[in-house]
Amino acid sequence: MSAEPITLEPIAKTDDDYAVVVAIHNATHPRFAVTENEYKRDDEHHHHSGHRRWLAKRGGRPVGYAGLGKMTWSDRPGKLYMEMVVPEGEADDVREALYQVVLDEARQAGADTLAAFSEGDHPVDDAFKRSKGFVQTHQDEDSELEVGTVDWARWEPCIAAVEAQGLEVATLAEYRLRCPEATERMYALYVETFQDVPSPEPLTPDTFENYAKYVGRPDYPAHLVAVVLDGLTPVGMLTQRLRELDATVVDVGLAGVLRAYRGRGVARALKVKSLQLLRDAGVTLVRTGNNANNPMFRLNQAIGFKQMPPWMHLALDLGSAE
Ligand SMILES: CC(C)(COP(=O)(O)OP(=O)(O)OC[C@H]1O[C@@H](n2cnc3c(N)ncnc32)[C@H](O)[C@@H]1OP(=O)(O)O)[C@@H](O)C(=O)NCCC(=O)NCCS
């Protein structure tokens, strides 16, 4: 352990503080590097207002940070999320100091569960959490597709197969031009399908207000979001998210098909349509995360997505934590 002690200070979420946080985040998770702008926008979208962070310094040098709060998408009372962002090369005294402040705050807030994530290729971070009693609740497989490897002749007929059923495969931008209530109708599709994403605890959909803000953001590209329509009713969607640091990479968001339309190839057509849109927009790499039991995971594998280190979901029962 280094001779220099760790000091902790609260992070105020000013622009200066975001610059420090993002530098640590990007050093820890280079595959998921973001701009300060993206980080701030995600904070506003995913965290309730009570979310707080602490910065750890060694000899005045920032070496890691941790956060505590509720996530808007999983807000069961009593459950709080811990962020722990410390580069793998840092010694465990950084993690220990940050963990203790998070644990104290979580207890003071009356929480019963502390949830966290571990990235599959971060064994030091993961081992630290498990040494504290965190157990894995489930896992999302992360995968990537090089768009240039898609066998278009094999997959493109999937779109016609859905259109032969009287459905239309289009973009969200086209749908918005045609339907003044597009956002309200897409929200209904989002709510039904988001709640069906497999999860050990029920997921909490965004409020309409938060959703409308999200789908109006510049990184939510309506011209690249594929929808399947039955008349003016959207019955399936596949969303994308642009990256500010690299226009050739996108992250896939939610794939969702209304229960009444499942098992008819709608998700397959959405996937192929969105890959066509991305290819034509110059995107070369598509990233996504799904549970290995999800039909989307198997479909992605068949199209050519390659597995990357997974994201593990962990939880600590605060009744038993030391
Ligand atoms: C996952 C989901 C989008 C699939 O939509 P869908 O239109 O029913 O899927 P498709 O009919 O296009 O089928 C795609 C593939 O999955 C398989 N599949 C679909 N539903 C399945 C099920 N319940 N069990 C097993 N396999 C299934 C199909 O057989 C097909 O495989 P194939 O190409 O080898 O034949 C839909 O079930 C859904 O909205 N679920 C809730 C939200 C969710 O979990 N989204 C994914 C994570 S973001």
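Just so we're clear, the structure is a prediction, and the values are computed from it rather than from any experiment.

A. Main features of the site of the ligand. Around the ligand, 19 residues are found, and the nearest of them are Asp196, Arg262, Val266, Ala267 and Pro295. Elements supplying a minimum of two residues to the shell around the ligand: strand E10 (249–257), helix H10 (266–280) and helix H11 (295–303). The element contributing the most residues to the shell around the ligand is E10, with four residues. Counted by class, the shell around the ligand contains nine nonpolar, six polar and four charged residues.

B. Representation of the domain arrangement of the protein. Taken domain by domain, the protein holds domain 1 (6–141 + 312–317) and domain 2 (151–303). The C-alpha-based centres of domain 1 and domain 2 are spaced at 29 Å. Taken together, the contacts link 15 residues of domain 1 with 15 residues of domain 2. Secondary-structure elements contributing two or more residues to the side of domain 1 that touches domain 2 are helix H2 (36–46) and strand E6 (135–146).

C. Structural context of the nonpolar core. The biggest cluster of nonpolar side chains holds 36 residues, and the ones touching the most others in it are Val162, Ala226, Val228, Met237, Val266, Ala269 and Leu270. Of all the secondary structure elements, the ones that give two or more residues to this core are helix H6 (157–163), helix H7 (172–178), helix H8 (182–194), strand E8 (226–230), strand E9 (233–242), E10 and H10. Tallying contributions element by element places H10 first for this core, with eight residues. Grouped together as the second largest cluster of nonpolar side chains are 27 residues, Ile6, Leu68, Leu80 and Phe134 included.

D. Up close: the sheet that holds strand E12 (residues 306–317). The mixed open sheet is built from 12 strands, whose spatial order is E1-E2-E3-E4-E5-E12-E6-E11-E10-E9-E8-E7. Taken across any chain shown, the strands that pair with only one partner, and hence form the sheet edges, are strand E1 (6–11) and strand E7 (168–171). Averaged over all pairs of adjacent strands, the angle between their axes in this sheet comes to 25°, without regard to strand direction. Pairing between E8 and E9: five bridges, direction antiparallel. Considered in E9, the bridge of Ala226 is made with Leu238. Docked against the sheet, helix H4 (residues 123–131) engages strand E4 (79–85), strand E5 (113–119) and E12, running at close to 160° with respect to E5.

E. Molecular detail of unusual backbone geometry. At Lys13, a residue that is not glycine, the phi angle is positive and equals roughly 65°. Note on placement: Lys13 falls in the loop between E1 and helix H1 (15–28).

Rules of the game
- Residues numbered from 1 in each chain as written.
- Predicted model: local features only at pLDDT ≥ 70, side-chain atom pairs only at ≥ 80, totals over all residues.
- Near = placed C-beta within 6 Å.
- Helix = DSSP H or I, 4+ residues; strand = E, 2+ residues; numbered from the N terminus.
- Nonpolar A, V, L, I, M, F, W, Y, C, P; charged D, E, K, R; others polar.
- Domains from an automatic or database assignment.
- Contact = placed C-beta atoms within 7 Å.
- Core = buried A, V, L, I, M, F, W, Y, C linked by C-beta atoms within 7 Å.
- Buried ≥ 20, exposed ≤ 12 C-beta atoms within 10 Å, placed from the backbone.
- Pairing = 2+ DSSP bridges.
- Axes fitted to C-alpha atoms, helices over the stretch in contact; angles between N-to-C directions.

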